[in-house]
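Chain residues, written in single-letter form:
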Amino acid sequence: MDETPPPPADSTPPPPPISHTGSPTDFLKGVVGKRVIVRLNSGVDYRGVLSCLDGYMNIALEQTEEHVNGKVTNRYGDAFIRGNNVLYISADEPL
């Protein structure tokens, strides 16, 4: 028999986890013009505004910062990243 007491009547259940549905293409279209984090295979992060990208995942960023081990190491106006170096792209602001 389970001896766990029931939760108090006034407690609210935790919110459900946020789940996004859609394809990677939908995500990428949705983040153009927004701040993103691009992680390279080397572990270096580039953070900036996603200007454009192509089918090879070649990326153009504006207002770019280079982060190594969590610290800003360089700032660039524009940066172009070749797609074969990209590990992932994530949103750096709410969508």
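The text that follows walks through the structure, step by step, so that each part is easy to find. (Residues numbered from 1 in each chain as written. Predicted model: local features only at pLDDT ≥ 70, side-chain atom pairs only at ≥ 80, totals over all residues. Heavy atoms only, no water.)

### Considering the environment of Leu50
Okay, step 1: Mapped onto the fold, Leu50 is located in strand E2 (residues 45–53).
Okay, step 2: Between the C-alpha atom of Leu50 and that of Gln63, which follows or precedes it by 13 residues, the distance is 9.2 Å.
Okay, step 3: Setting aside residues no more than four positions away along its own chain, Leu50 makes contact with Leu28, Val31, Val32, Gly33, Lys34, Val36, Ile59, Ala60 and Leu61. (Helix = DSSP H or I, 4+ residues; strand = E, 2+ residues; numbered from the N terminus. Contact = heavy atoms within 4.5 Å.)

### Describing the pattern of salt bridges
Okay, step 1: One pass over the structure, following the stated rule, counts three salt bridges.
Okay, step 2: A salt bridge links Asp45 to Arg39; the shortest N-O distance between them is 2.3 Å.
Okay, step 3: Assessed through its relative accessible area of 9%, Asp45 is described here as buried.
Okay, step 4: With relative accessibility at 25%, the residue Arg39 sits in the partly exposed group.
Okay, step 5: Arg75 serves as the salt-bridge partner of Glu65, at 2.2 Å between the closest nitrogen and oxygen. Of the two residues, Glu65 sits in strand E3 (residues 59–68) while Arg75 sits in strand E4 (residues 71–81), which places them ten residues apart along the sequence. (Salt bridge = Lys/Arg side-chain N within 4 Å of Asp/Glu carboxyl O. Buried < 20%, exposed > 50% of the residue type's maximum accessible area, 1.4 Å probe, protein only.)

### Quick notes on the nonpolar core
Soluble globular proteins tend to bury their nonpolar side chains together.
Okay, step 1: Counting residues in hydrophobic clusters, the biggest one holds 13 residues, and the most contacted among them are Val36, Val38, Tyr46, Ile59, Leu61, Ile81 and Ile89.
Okay, step 2: Counting residues per element, the ones that place at least two in this core are helix H1 (24–31), strand E1 (35–40), E2, E3 and strand E5 (86–91).
Okay, step 3: With three residues, E1 is the largest single contributor of residues to this core.
Okay, step 4: Ignoring anything within four residues of it in the chain, the contact list for Ile59 reads Val38, Leu50, Cys52, Leu53, Ala79, Phe80, Ile81, Val86 and Ile89. (Core = buried A, V, L, I, M, F, W, Y, C linked by side-chain atoms within 4.5 Å.)

### What to know about the sheet that holds E4
Okay, step 1: On the basis of which strands lie adjacent, the open sheet formed by five strands has the order E4-E3-E2-E1-E5 and antiparallel pairing. Unpaired on one side and paired on the other, E4 and E5 mark the two borders of the sheet. Each strand axis lies, on average, 25° off the axis of its neighbour in the sheet, ignoring direction.
Okay, step 2: The sheet contact formed by E3 and E4 spans nine bridges and is antiparallel. From the neighbouring strand, Thr64 faces E4, where its bridge partner is Tyr76. (Pairing = 2+ DSSP bridges. Axes fitted to C-alpha atoms, helices over the stretch in contact; angles between N-to-C directions.)

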